[in-house]
Amino acid sequence: AQKITQTQPGMFVQEKEAVTLDCTYDTSDQSYGLFWYKQPSSGEMIFLIYQGSYDEQNATEGRYSLNFQKARKSANLVISASQLGDSAMYFCAMRERGSNFGNEKLTFGTGTRLTIIP
Amino acid sequence: NAGVTQTPKFRVLKTGQSMTLLCAQDMNHEYMYWYRQDPGMGLRLIHYSVGEGTTAKGEVPDGYNVSRLKKQNFLLGLESAAPSQTSVYFCASSYRTGGEQYFGPGTRLTVT
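Residues numbered from 1 in each chain as written. Chains lettered and ligands numbered in written order. Predicted model: local features only at pLDDT ≥ 70, side-chain atom pairs only at ≥ 80, totals over all residues. Heavy atoms only, no water.

Undergrad: Would you mind going over the overall build of chain B with me for this structure?
TA: The secondary structure content of chain B amounts to 0 helices and 11 strands. For a compact globule of 112 residues, the expected C-alpha radius of gyration is about 13 Å, and chain B comes in at 13 Å, within 12% of that figure. The buried share of chain B, taken over its 112 residues, is 51%. Taking contacts inside chain B between residues at least 6 apart in sequence as the whole, the part at least 24 apart equals 54%. When the accessible area of chain B is evaluated, it comes to approximately 5,200 Å², of which 52% is carbon and sulfur surface. Chain B carries 11 positive and 8 negative side-chain charges, and their two centres are separated by 6 Å. (Helix = DSSP H or I, 4+ residues; strand = E, 2+ residues; numbered from the N terminus. Rg over C-alpha atoms; globule rule 2.2 N^0.38 Å. Buried < 20%, exposed > 50% of the residue type's maximum accessible area, 1.4 Å probe, protein only. Contact = heavy atoms within 4.5 Å. Areas by Shrake-Rupley, 256 points an atom, 1.4 Å probe, with all protein chains shown as cover. Lys, Arg positive; Asp, Glu negative; His and termini not counted. Charge placed at Lys NZ, Arg CZ, Asp CG, Glu CD.)

Undergrad: Is there a simple way to think about the side chain of Ser49 of chain B in this case?
TA: All names here are of chain B. Residue placement: Ser49 occurs in strand β5 (residues 43-49). Among the polar contacts made by the side chain of Ser49, one reaches the main-chain carbonyl oxygen of Thr54 at a distance of 2.6 Å. With near-sequence residues (within four places) excluded, Ser49 lies in contact with Glu30, Tyr31, Met32, Thr54, Thr55, Arg68 and Phe74. (Polar contact = N/O pair within 3.5 Å; in protein donor to acceptor, adjacent residues only side chain to side chain.)

Undergrad: Honestly, the sheet that holds strand β1 (residues 4-7) of chain B in this entry has me stumped. Any pointers?
TA: Hydrogen bonds between backbone atoms are what pair the strands of a sheet, whose relative direction is either parallel or antiparallel. All names here are of chain B. If you walk across this open sheet you meet the 4 strands as β1-β3-β8-β7, and the pairing is antiparallel. With one partner strand each, in any of the chains shown, β1 and β7 (65-67) form the two edges of the open sheet. For this sheet, the mean inter-axis angle between neighbouring strands, taken without regard to orientation, is 20°. One ladder, built from 4 bridges, connects β1 with strand β3 (residues 19-25); its direction is antiparallel. Among the inter-strand pairings, Gln6 is bridged to a residue of β3, identified as Cys23. (Pairing = 2+ DSSP bridges. Axes fitted to C-alpha atoms, helices over the stretch in contact; angles between N-to-C directions.)

Undergrad: Whenever I open this one, the interface of chain B and chain A confuses me. Can you help?
TA: Contacts between the two partners involve 19 residues from chain B and, on the opposite side, 16 residues from chain A. For the pair chain B and chain A, the summed buried surface comes to about 1,500 Å²; carbon and sulfur atoms form 57% of the total. Between chain B and chain A we count 0 salt bridges in total. Summed over the shared surface of chain B and chain A, the result is 2 residue pairs in polar contact (both at pLDDT 80 or more). Counting residues per element, the ones that place at least two in the side of chain B that touches chain A are β4 (31-37) and β5 of chain B. Counting residues per element, the side of chain B that touches chain A draws most heavily on β4 of chain B, at 4 residues. (Buried area = accessible area lost by both parts, 1.4 Å probe. Salt bridge = Lys/Arg side-chain N within 4 Å of Asp/Glu carboxyl O.)

Undergrad: Explain the packing of aromatic side chains to me, please; I cannot follow it from the model alone.
TA: What characterises a pair of aromatic rings is the spacing of the ring centres plus the angle enclosed by the ring planes. With the rule as written, the count across this model stands at 15 aromatic pairs over all chains. On the basis of an interplanar angle of 50° and a centroid distance of 4.7 Å, the ring pair of Phe35 of chain A and Tyr50 of chain A is categorised as tilted. Taken together, the residues span a long stretch of sequence, with Phe35 of chain A in strand β5 (residues 32-39) and Tyr50 of chain A in strand β6 (residues 46-52) at a distance of 15 residues. On the basis of relative accessibility, which here comes to 24%, the residue Tyr50 of chain A falls in the partly exposed class. Ring centres of Phe90 of chain B and Phe103 of chain B lie 6.3 Å apart, and the angle between their planes is 80°; on these two criteria the pair is classed as edge-to-face. Placement of the pair is Phe90 of chain B in strand β9 (residues 87-94) and Phe103 of chain B in strand β10 (residues 102-103), with a sequence separation of 13 residues. With a relative accessible area of 11%, Phe103 of chain B lands in the buried category. An aromatic cluster is present here, built from Phe35, Tyr37, Phe47, Tyr50 and Phe108 of chain A together with Tyr33, Tyr35, Tyr48, Phe90 and Phe103 of chain B joined pairwise through their rings. In this structure, Arg63 of chain A is placed above the aromatic ring of Tyr64 of chain A, and the distance from its NZ or CZ to the ring centre is 5.8 Å. (Phe/Tyr/Trp six-rings, centres within 6.5 Å; stacked < 30°, edge-to-face > 60°. Lys NZ or Arg CZ within 6 Å of the ring centre and 35° of its normal.)

Encoded structure:
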């Protein structure tokens, strides 16, 4: 079963509008973390935001916020007031503790390609 | 402060040739990772290291070997390259287990 699911392969959004990128996850751990990364056309992976499973408030970083709904196992990325520079691939990732304490790894989704239209 | 660097940026190999990809980080991170990125498949973990002198297998380790002789360097080797290993390879490091990972710029490898 997919641990991280990103159901939107591509999205087109008008500049200055808000955009929500979907991410659902599957884990039986109580302690886990969710990350969002941005990959522009230049290829590098840029960390955007992190949410821990025990964090009571949704994480925010500037124009990025993470809409964390634990019961639904979703961790959607919200970008407010989109800009042309937001056009990129966006990846959701999860780290789990499981039985591998000290060896926690990230599992990535397949990504969503966001295109901002002027 | 260069962060995570990767050498080379591009490489073309013939089937059966060998090569080593070098990853270096200057952040004193204990944890280092090698991923491959293929279209439509996201990033998949090849091997990782939790400290100098240690390595472990990830999700797709077959056909690759790694070494971490120095804390700042993590090498990925292909002993006999195959066309299925055509991919973009990313190295990453983190300061703690399960923490935010910092990525290098990637190496685009083509095996013909």
